[in-house]
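Topology and contacts: notes
The residues making up each chain are set out below.
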Amino acid sequence: MTIEDALRACESVNRQGLAVSLDALGESVTTEEQVHAAAEVYHRLLDAISTRGHHVNVSIKLTQIGVEFDPALAERVLDEIVVHAARVDSFVRVDMEGSALTEITLAMVERIHSLPGMRGRVGTVLQAYLYRTEADAERLLAQGIRIRLCKGAYKEGPEVAFPRKEDVDANYVKLAKRMVSSPVFCGMATHDEWIIGAIRRFVAEQGIAKSAFEFQMLYGIRRDVQRRLAAEGFGVRVYIPFGPEWYPYFMRRLAERPANVLFLARNLLH
Ligand code: FAD
């Protein structure tokens, strides 16, 4: 729930040889006060990170800092957070939300990344379920912007996204191969063992260094795979969300794996 809780979780994950990205939960805010409150949490988080020496960066959502009602305000606030992250030698990952926000997210990250001293301090996320992602990947790689590749967690229509899971998975593997072969350090965010296997085989065949990219997974999900990959010498980063605004995030995690609803119900009864 609190920064202290998050840092404790971060410390225990770091002790297992895994890096962390901390996400102060929150999204779709509607007032300037909420934007400043969210920014304040990130500034406190970056200050706390800088004094503890943990292996950690931060993830943020643009709807948490007002992009839906005041994009200029969101950009100012993001810029200040990235400047702070650069000062404490950290990095800000801008999470990707619904497809209505893809273009504005990319444009904002590109503008901030191009400012003096900001290179390598901000990156974003691309979703393998979107048709546009292949072109977006080329666009970001050409500018040296770090990408986290994920399948995508929002409900999207067939006009913008592959409706079939097989197509999303195939696109993921194709994009992952492109990213791990590039000189830009990218994050492969997935728990899908078939995809992880395909990436491992590809980097072994191509002689790509394990340090050229990292795997990323959610806190508490497939811990066995996280530990196994780290033991094999791959970089692994664990995404730890925290804070009182957990409801929409939690609902997306339930929606993408309905078995979790049963799991939760069984444990509540137990
Ligand atoms: P799936 O095919 O969904 O799952 C493969 C296997 O992983 C499952 O069989 C199961 O064993 C395990 N698993 C997956 N999800 C769960 C779960 N919820 N509970 C329990 N087990 C599970 N999406 C965005 O749209 N924007 C983002 O910015 C974003 N950031 C992310 C950051 C990280 C580090 C990660 C790991 C994911 C992120 N996602 C984001 C979510 C992502 O898009 C997928 O929705 C999510 O990761 C599930 O896809 P998968 O690749 O794990 O494959």
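Our subject is the structure that appears above.
Please read these numbers as outputs of a predicted model, since none were measured by experiment. (Residues numbered from 1 in each chain as written. Predicted model: local features only at pLDDT ≥ 70, side-chain atom pairs only at ≥ 80, totals over all residues. Heavy atoms only, no water.)

1. Points about the pattern of salt bridges
The cut-off we apply is this: What counts as a salt bridge is simple: a side-chain nitrogen of Lys or Arg found within 4 Å of a carboxyl oxygen of Asp or Glu. A helix here means a DSSP run of H or I that spans at least four residues, while a strand means a run of E at least two residues long, and both kinds are numbered starting from the N terminus. For every residue, the accessible area (1.4 Å probe, protein chains only) is compared with the maximum for its type, and the residue is labelled buried under 20%, exposed over 50%, or partly exposed between those bounds.
Overall, the coordinates contain 28 salt bridges when judged by the stated rule. Two residues, Lys174 and Glu134, come together in a salt bridge whose shortest N-O distance is 3.1 Å. Residue Lys174 is located in helix 6 (residues 165-181), and its partner Glu134 is located in helix 5 (residues 133-142); the two are separated by 40 residues in the primary sequence. Of the residues examined, Lys174 reaches a relative accessible area of 46% and is grouped as partly exposed. Glu134 sits in the partly exposed class, given a relative accessible area of 37%. For Asp192, the salt bridge is made with Lys151, and the minimal N-O distance between the two is 2.7 Å. Of this pair, Asp192 sits in the loop between strand 6 (186-189) and helix 7 (193-206) while Lys151 sits in the loop between strand 5 (147-150) and helix 6; the two residues are 41 residues apart in sequence, bridging distant segments of the chain. Among the ionic contacts, a cluster of salt bridges with common partners joins Glu103, Glu110, Arg132, Asp136 and Arg139.

2. Some details on the pairing of strand 5
Put simply, the rule is: Classification remark: right-handed applies to a crossover when, strands pointing away from the viewer, the course from the first strand over the helix to the second runs clockwise. One bridge is not enough; two strands pair if DSSP finds at least two bridges between them.
The two faces of strand 5 match: Ile147 and Leu149 on one face and Arg148 and Cys150 on the other face are all buried. You can see the chain leave strand 4 (residues 122-127), run along helix 5 and come back into strand 5, and the turn it takes is right-handed. The pairing of strand 5 with strand 6 spans two bridges and is parallel. Opposite Arg148, over in strand 6, you have Gly187 as the bridge partner. As for the winding sense of the linkage, the β-α-β connection from strand 5 through helix 6 to strand 6 is right-handed.

3. Re the site of the ligand
Let me state the cut-off plainly: Think of it this way: one heavy atom of a residue within 4 Å of a molecule or strand is enough to make that residue near it. N or O atoms closer than or at 3.5 Å make up a polar contact, with two conditions inside protein: a donor-capable atom paired with an acceptor-capable one, and, for residues adjacent in sequence, both atoms drawn from side chains. Where accessible areas are quoted, they stem from the Shrake-Rupley method and a 1.4 Å probe; at the residue level, only the protein chains shown are allowed to cover.
Looking at the ligand, there are 25 residues lining it, with Lys151, Gly152, Thr190, His191 and Glu256 nearest. In the environment of the ligand, an oxygen atom lies 2.9 Å from a nitrogen or oxygen atom belonging to the side chain of Lys165. Contact with the protein chains removes 86% of the 930 Å² of surface that the ligand exposes when unbound. If you list the elements that add at least two residues to the shell around the ligand, you get strand 4, strand 5, strand 7 (213-218) and helix 9 (247-256).

4. Thoughts on helix 8 (residues 223-231)
Going by this rule: Within this analysis, the arc is defined by the directions that extend from the helix axis to the C-beta atoms. Contacts are assigned to residue pairs that have any heavy atoms within 4.5 Å of one another.
Where helix 8 is concerned, the buried positions are Val225, Gln226 and Leu229. Take helix 8 and look down its axis: the buried residues cluster within an arc of 105°, on one side only. Lining the buried residues of helix 8 we find helix 7, strand 7 and strand 8 (235-242). Once helix 8 finishes, Gly233 follows within two positions and takes phi at roughly 100°, a positive value.

5. Quick notes on the packing of helix 2 (residues 32-52) against helix 3 (residues 71-87)
Test applied: Comment: axis = line fitted to C-alpha atoms, over the contacting stretch for helices; angle = value between 0 and 180 degrees taken between N-to-C directions. The labels follow the angle: roughly parallel below 35 degrees, roughly antiparallel above 145, roughly perpendicular from 65 to 115, and oblique for the rest.
Following both chains from N to C, one finds helix 2 and helix 3 inclined at 10°, their axes separated by 10 Å at the closest point. As judged from the angle between their axes, helix 2 and helix 3 are roughly parallel. Residues Glu32, Val35, His36, Ala39, Tyr42, His43, Leu46 and Asp47 of helix 2 touch helix 3, and the partners they reach there are Leu73, Val77, Glu80, Ile81, His84 and Ala85.

6. Considering helix 9
Buried within helix 9 we find Tyr249, Arg252, Arg253 and Leu254. Its buried side turned inward, helix 9 meets strand 7, strand 8 and helix 10 (259-269).

7. Digging into the pairing of strand 2 (residues 56-60)
Most of strand 2 sits inside the fold, with five of its five residues counted as buried. Residues of strand 2 alternate between two faces, with Val56, Val58 and Ile60 on one and Asn57 and Ser59 on the opposite face, all of them buried. In terms of strand pairing, strand 1 (residues 19-24) meets strand 2 through four bridges, oriented parallel. Note on strand 2: the bridge partner recorded for Leu22 is Val58. You can see the chain leave strand 1, run along helix 2 and come back into strand 2, and the turn it takes is right-handed. Both strand 2 and strand 3 (residues 92-94) contribute to a ladder of three bridges, which runs parallel. Paired with Ser59 across the two strands is Arg93, which belongs to strand 3.

8. Re the environment of Ala176
As for its placement among the helices and strands, Ala176 is situated in helix 6. Sequence separation of Ala176 and Gln226 is 50 residues, and the distance between their C-alpha atoms is 18 Å. Non-local contacts of Ala176, meaning those with residues more than four positions away in its chain, are made with Leu149, Met188 and Ile199.

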